Structure formats: C-alpha cells, structure tokens
Amino acid sequence: MLFRSYLLEWIAHHRLVGVQHFVLFDNGSTDQTTALLSGLARAGIVDHVPWPDIPHVAAQRPAYIAGLARLADRCRWVAFIDADEFLNPRCGRDVPSILADHDRAAGLVVPWRLFGSNGRLHRTDDLVINRFTRRAADNHPLNHSVKTIVQARLVAQPDIHTPSIKDGTLVDEKGRVAGSQGHPSRHAVPDAEMLVINHYFTKSREEWHHKRQRGQATEPVDSIARLRPDDCFAAHDVNDVEDLDLARHADRVRAEMERLASLMR
C-alpha cells in the first residue's frame, strides 16, 4: 500500500511536467503496486512490465536495457529514473521545452538535489513533495551525482546514472561536457537553474527501514550486498536548505492523482 501511493504521486507529477509515457518494471511487488500498474496500463498511461528476480543477477541494468528496447522506436528522449526521483523544472517551463534547447547533444545530465528526512520518524499519508522540503545545499558532494535524459537512438548501453553513447556528447544545462569529476556520472552543477532531480532518498526513518528491507536492485537478490548498511541513512539525511519548489504544486499533483484514479474505475 505504501508504494502504491508513492507511485501514483510520482506518475501524476511527471505527467504535469511533460513526461508523455512511462515504462515501469514491477520487480517483486507484494503490495497493491501490481494492481495499480495493471489499471494504468489498461488506461494507456504506462507500460507495465513484470520483472521477477533472477538468482545471481541484479535487476536494474537488465531492466534498463529492456526499457530502452521498448522505447527506442517510440520516442526521441528517454530518462532512466527511480520512483524516489522527481524531475523538477525550476524555470516555469516543462521538460520537453528544456530538452529542445539541447537537441544537438546526445543527452542532458540532470543533477540530483538530495532531500533528507525533515526530522520525520514515521510515514504519513501526505504527499512526498509536501513532507520532505529540506535538502543538501546545492554544492554539497551528495549533489554531484546526475541522471541523464538521453536521445534514445544514440544509446549504446544504458546505465544507472549515465549511458554509454554511440555519438555526440552528454552536456549539462550550461552546455558543459559532462564529467567535471572525471566521470560523467559525477558532475557538479551547483548553479543549475533549469532542471534538477529531487531525490527523496531517505524519507522518514520508518520509510527508510522499509526501503532497506527491500534491498537495492543494483545487487542480485541472493547477494549479501543487496541490503544497504543502516548508517547509509545518517550519511544521506542532510536537511540544510529549505526547498519548496515541488510542494507549491501539491494541489495540482493531487488533482492529477484523482484523475488517474478515475481512469481505472
């Protein structure tokens, strides 16, 4: 039940900022996520792809490869992001119009803005974007990671943060070639004005516990490395700056969630 409400908020938000289609991989859900995704798939909102665990194989990268195969002939731009990552246009424009400014690049790297727990111990029913409004400062090392929105036809191999590409370059919103820390997945953009990713990594302490128990999809289900160390919470629970960018749009997100729910009735 927890993840179902997270996921509906995530889809509603991204529809409002201009995302046109979703391919969602259902990796061993035990709550109502499968029913939600099946309903949204019937309504034409998402592709719902059951994705069971395979012993000795981490689920995430193979899912990205399969997702790219589904989208390569259907769209120009593809983003590989998680359900705790929210694209946040900071400039009053939507994501497609921002990407239009970078159509000569192979892809646009989008910097994280990592949000902490806001001191919350327990989950409540309010939206994620309302409950968590404090984050690490723009120049904090936790915000040096990026995700990439890439031209699908130019992807040689998808990956978690930045894909390998067949031609061209990955750039940030200033037109700088990605990789200021020597690797394109690590690229500080403290001066980002157009587009960032709000990364709600920890949420509350209770929600962190659930996340930790699920394990991380970058490791095989039978690997001891799948379970994050608990001190990972403290390392990422940084609440230095108040950021209400997405909270200001909470009413619009709730309305879109209601509209999506109505499509499944």
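Residues numbered from 1 in each chain as written. Predicted model: local features only at pLDDT ≥ 70, side-chain atom pairs only at ≥ 80, totals over all residues. Heavy atoms only, no water.

## Describing unusual backbone geometry
Consideration 1: You will see that N118, though not glycine, has its phi angle at about 55°, which is positive.
Consideration 2: Mapping N118 onto the fold places it in the loop between β5 (107-114) and α5 (128-131).
Consideration 3: Phi at K203 takes a positive value of approximately 55°, unusual for a residue other than glycine.
Consideration 4: Looking at the secondary structure, you find K203 in the loop between β11 (195-199) and α6 (205-214). (Helix = DSSP H or I, 4+ residues; strand = E, 2+ residues; numbered from the N terminus.)

## Describing the pairing of β5
Consideration 1: Counting buried positions over the eight residues of β5 gives eight, a clear majority of the element.
Consideration 2: In this structure, β5 lies alongside strand β7 (residues 146-151), joined through five bridges in antiparallel fashion. By the bridge assignment, V109 is partnered in β7 with T148.
Consideration 3: Both β5 and strand β10 (residues 170-171) contribute to a ladder of two bridges, which runs parallel. What sits directly across from G107, in β10, is L170.
Consideration 4: As judged from the three bridges shared by β5 and β11, these two strands associate in the parallel manner. Bridge pairing in β11 places W112 opposite I197. (Buried < 20%, exposed > 50% of the residue type's maximum accessible area, 1.4 Å probe, protein only. Pairing = 2+ DSSP bridges.)

## Describing the pattern of salt bridges
Consideration 1: Using the criterion set out here, one finds 23 salt bridges in the structure.
Consideration 2: Of the charged contacts in the structure, one is a salt bridge between R70 and D47, with a shortest N-O distance of 3.6 Å. Placement of R70 in helix α3 (residues 60-71) and of D47 in strand β2 (residues 46-50) is noted, with a sequence separation of 23 residues between them.
Consideration 3: For D47, a relative accessible area of 13% puts it in the buried group.
Consideration 4: For the salt bridge of D47 with R74, the shortest nitrogen-to-oxygen distance reads 2.9 Å. Highlighted residues: D47 in strand β2 and R74 in the loop between α3 and β3 (77-79), separated in sequence by 27 residues. (Salt bridge = Lys/Arg side-chain N within 4 Å of Asp/Glu carboxyl O.)

## Examining the nonpolar core
Consideration 1: Counting 47 residues, the largest nonpolar core has I11 and L195 as the members making the most contacts within it.
Consideration 2: Other than its neighbours up to four places away in sequence, I11 contacts F22, L24, L40, I45, V46 and L260.
Consideration 3: Counting residues in hydrophobic clusters, the runner-up holds 17 residues, among them L68, V78, V109 and A152. (Core = buried A, V, L, I, M, F, W, Y, C linked by side-chain atoms within 4.5 Å. Contact = heavy atoms within 4.5 Å.)

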